[in-house]
Amino acid sequence: LTLVTFMSVPLIVVASKVYGEYYKRLTTLVQDAQAASNSTADETIGSMRTVRSFANEEAESAAYGEKLGTMLALNNKQAVAYLGYGSFITLAPLITTVTVLYFGG
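*Asks:* What am I meant to see in the overall build of the chain here?
*Replies:* Scanning the chain from N- to C-terminus turns up four helices and zero strands. Secondary structure elements in the chain, listed N-terminal to C-terminal, are α-α-α-α. By the compact-globule yardstick of 13 Å for 105 residues, the chain is too spread out, its C-alpha radius of gyration being 23 Å. Summarising its shape, the C-alpha atoms of the chain cover approximately 80 × 20 × 10 Å along the three principal directions. By residue count, 16% of the 105 residues in the chain fall in the buried class. The long-range share in the chain, meaning contacts at least 24 apart out of those at least 6 apart in sequence, stands at 86%. When the accessible surface of the chain is summed, it comes to about 7800 Å², and 66% of that surface belongs to carbon and sulfur atoms. Seen as two clouds, the 7 positive and the 8 negative side-chain charges of the chain have centres 9 Å apart.

The following block contains the structure:
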């Protein structure tokens, strides 16, 4: 029964390590996407006279919206990754308990 109990420990450790590396990479990508969208907004607002003189408001708005869409997609990936990790970390001890009760009687 002790071996059955300790079988879940390596699974949780490996899952945490893989999730941590993936989440760190996604966080960097989200921050880069946010910086790009902020840069686009700053450039557009800073040169508003030029944008208006060329009647380019729609193109600048579309560029900003595209960068926000990229950031949203990355945030959704983070949320799905967290959902999977949180579910696994929550269910692993419960499954271990059920397995111990099954084998132990």
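We are not done yet, so read on.
*Asks:* Looking at this structure, I do not really get a nonpolar patch on the surface. What am I missing?
*Replies:* On the surface, L1, Y102 and F103 cluster together into a nonpolar patch covering about 420 Å² of accessible area. With respect to the helices and strands, the residue Y102 is situated in helix α4 (residues 57-104).

*Asks:* Is there a simple way to explain the nonpolar core in this structure?
*Replies:* A general tendency of soluble globular proteins is for nonpolar side chains to be buried together. One finds L26, V30, A33, M71 and L74 forming the largest nonpolar core, which totals five residues. Sort the elements by how many residues they give to this core and helix α2 (residues 8-46) lands first, with three residues.

*Asks:* What is the right way to look at the packing of α2 against α4 in this model?
*Replies:* When two helices pack together, you describe them by how their axes are tilted relative to each other and by the distance separating the axes. Viewed as axis vectors pointing N to C, α2 and α4 meet at an angle of 165°, and their least axial separation amounts to 9 Å. By the angle class used here, α2 and α4 are roughly antiparallel. Note that α2 runs across α4; the crossing there is left-handed.

*Asks:* Is there a simple way to explain unusual backbone geometry in this structure?
*Replies:* For residues other than glycine, phi is negative in most cases, and the peptide bonds are mostly trans. Phi at A55 takes a positive value of approximately 50°, unusual for a residue other than glycine. Take A55: it is sitting in the loop between α3 (48-53) and α4.

*Asks:* Looking at this structure, I do not really get α4. What am I missing?
*Replies:* Because an α-helix completes one turn every 3.6 residues, residues spaced three or four positions apart along the sequence face the same direction. Here α4 contains 48 residues, and its C-alpha end-to-end distance of 70 Å stays within 8% of the 70 Å for a straight helix at 1.5 Å per residue. The largest bend in α4 comes to about 25°, at L91, with the proline P93 one to four residues further on. Looking only at α4, the buried set comprises M71, L74, Q78, A81, A92 and T96. Along its buried surface, α4 packs onto α1 (2-6) and α2. Two residues or fewer after α4 comes G105, characterised by a positive phi angle close to 95°.

*Asks:* Sorry if this is basic, but what is going on with the side chain of Q78 here?
*Replies:* Mapped onto the elements of the fold, Q78 is located in helix α4. Relative accessible area serves as the criterion here: at 11%, Q78 is assigned to the buried category. If near-sequence neighbours (up to four positions away) are discounted, Q78 is found in contact with Y23, L26, T27 and V30.

Rules behind the numbers
- Residues numbered from 1 in each chain as written.
- Predicted model: local features only at pLDDT ≥ 70, side-chain atom pairs only at ≥ 80, totals over all residues.
- Heavy atoms only, no water.
- Helix = DSSP H or I, 4+ residues; strand = E, 2+ residues; numbered from the N terminus.
- Rg over C-alpha atoms; globule rule 2.2 N^0.38 Å.
- Buried < 20%, exposed > 50% of the residue type's maximum accessible area, 1.4 Å probe, protein only.
- Contact = heavy atoms within 4.5 Å.
- Areas by Shrake-Rupley, 256 points an atom, 1.4 Å probe, with all protein chains shown as cover.
- Lys, Arg positive; Asp, Glu negative; His and termini not counted.
- Charge placed at Lys NZ, Arg CZ, Asp CG, Glu CD.
- Patch = residues over 30% accessible without salt bridge, like charges linked within 9 Å, V, L, I, M, F, W, Y side chains within 5 Å.
- Salt bridge = Lys/Arg side-chain N within 4 Å of Asp/Glu carboxyl O.
- Core = buried A, V, L, I, M, F, W, Y, C linked by side-chain atoms within 4.5 Å.
- Axes fitted to C-alpha atoms, helices over the stretch in contact; angles between N-to-C directions.
- Parallel < 35°, antiparallel > 145°, perpendicular 65-115°, else oblique.
- Left-handed = near helix turned anticlockwise from the far one by under 90°.
- Expected span 1.5 Å × (residues − 1).
- Bend = angle between axes of the 7 residues up to and from the residue.

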